[in-house]
Amino acid sequence: DRDVTGVQTCALPISPGETVMLGQRPAQAALAVTAGVTRFETGPDAAGGGYDLVVEAAGTTGAVLTALAAARRGGTVLLLGLPPHGATAAVPVDDLVNNDLTIRASFGYTSQAWRDVVRLLNAGRLGLGFLVTHRFPLGEWAAALDTLRSPDPADPRGKVLLTLD
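For clarity, every value in this text was computed on a predicted model and none was experimentally measured. (Residues numbered from 1 in each chain as written. Predicted model: local features only at pLDDT ≥ 70, side-chain atom pairs only at ≥ 80, totals over all residues. Heavy atoms only, no water.)

## Brief notes about the side chain of threonine 34
(1) Moving on: Tracing the backbone through its elements, the reader meets threonine 34 in helix 1 (residues 29–34).
(2) Moving on: According to the relative accessible area criterion, threonine 34 is buried, its value standing at 15%.
(3) Moving on: Polar side-chain contacts of threonine 34 include one of 3.0 Å to the backbone oxygen of alanine 30. (Helix = DSSP H or I, 4+ residues; strand = E, 2+ residues; numbered from the N terminus. Buried < 20%, exposed > 50% of the residue type's maximum accessible area, 1.4 Å probe, protein only. Polar contact = N/O pair within 3.5 Å; in protein donor to acceptor, adjacent residues only side chain to side chain.)

This is the structure in structure tokens:
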């Protein structure tokens, strides 16, 4: 798919009614919309709750608790973010049981999942190049790390790529 600016967008193999992303920097809203997000919010209250599926990809214990609270009764929470080793979160277990939540977590993917993604990429159904917003030659690795460590709140930084030019 292409939007009016000619930027290739991410065509998902599913069609959810609404996709809401909770982010930290308003400058990333345009990247989120290009990725197919219906609504981008920077606060949990604004993002709301009652979702069928919540994907946590930030990798903080606070984000895990926010994700658990955002799922509807009977919903699923997918934990993809990687918190620091040994990090713990005080989870109200009775809420998990009473809300009949399904919690799935994954750090790796099966070889079949990789084949599926490669097939979608090769078929042109996933155009993810727009997510790379910064490119640095390998010799400028320190500048690339600085970009990751201290993002400018007004910068719509997505992924940072080191090139072998």
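## A few points about helix 5 (residues 111–122)
(1) Moving on: In this model helix 5 runs 16 Å from its N-terminal to its C-terminal C-alpha over twelve residues, within 8% of the 16 Å that 1.5 Å per residue would give.
(2) Moving on: One or two residues past the end of helix 5 sits glycine 124, with phi positive at roughly 75°. (Expected span 1.5 Å × (residues − 1).)

## A word on the sheet that holds strand 3 (residues 51–56)
(1) Moving on: If you walk across this open sheet you meet the three strands as 3-4-5, and the pairing is parallel. Unpaired on one side and paired on the other, strand 3 and strand 5 (102–105) mark the two borders of the sheet. With direction set aside, neighbouring strand axes in the sheet form an average angle of 15°.
(2) Moving on: Bridging between strand 3 and strand 4 (residues 71–79) involves five bridges; their strand directions are parallel. (Pairing = 2+ DSSP bridges. Axes fitted to C-alpha atoms, helices over the stretch in contact; angles between N-to-C directions.)

## Focus on unusual backbone geometry
(1) Moving on: Backbone geometry places aspartate 100, a non-glycine residue, at a positive phi of 50°.
(2) Moving on: Note that aspartate 100 resides in the loop between helix 4 (93–98) and strand 5.

## A look at the side chain of arginine 25
(1) Moving on: By the element assignment, arginine 25 lies in the loop between strand 1 (20–22) and helix 1.
(2) Moving on: Within the buried core, arginine 25 has no salt-bridge partner, and the shortest N-O distance to an opposite charge, that of aspartate 155, equals 6.4 Å.
(3) Moving on: A polar contact is formed between the side chain of arginine 25 and the backbone oxygen of arginine 157, at a distance of 3.1 Å.
(4) Moving on: Apart from residues lying up to four places away in sequence, arginine 25 is in contact with Phe40, Thr42, Pro151, Asp152, Pro153, Asp155, Pro156 and Arg157. (Lys, Arg positive; Asp, Glu negative; His and termini not counted. Salt bridge = Lys/Arg side-chain N within 4 Å of Asp/Glu carboxyl O. Contact = heavy atoms within 4.5 Å.)

## What to know about the pattern of salt bridges
(1) Moving on: Applying the stated criterion across every chain, the model contains five salt bridges.
(2) Moving on: Ionic pairing is found between arginine 39 and glutamate 18, a salt bridge with its closest N-O pair at 3.4 Å. You can see arginine 39 sitting in strand 2 (residues 39–41) and its partner glutamate 18 sitting in the segment before strand 1, a full 21 residues away along the chain.
(3) Moving on: Residue glutamate 18 is classed as partly exposed on the basis of its relative accessible area of 40%.
(4) Moving on: Aspartate 52 is the partner of arginine 72 in a salt bridge, and the nearest nitrogen-oxygen pair spans 2.3 Å. Residue arginine 72 is found in strand 4, and its partner aspartate 52 is found in strand 3; the two are separated by 20 residues along the sequence.
(5) Moving on: Accessibility expressed as a relative area gives 33% for arginine 72, which makes it partly exposed.

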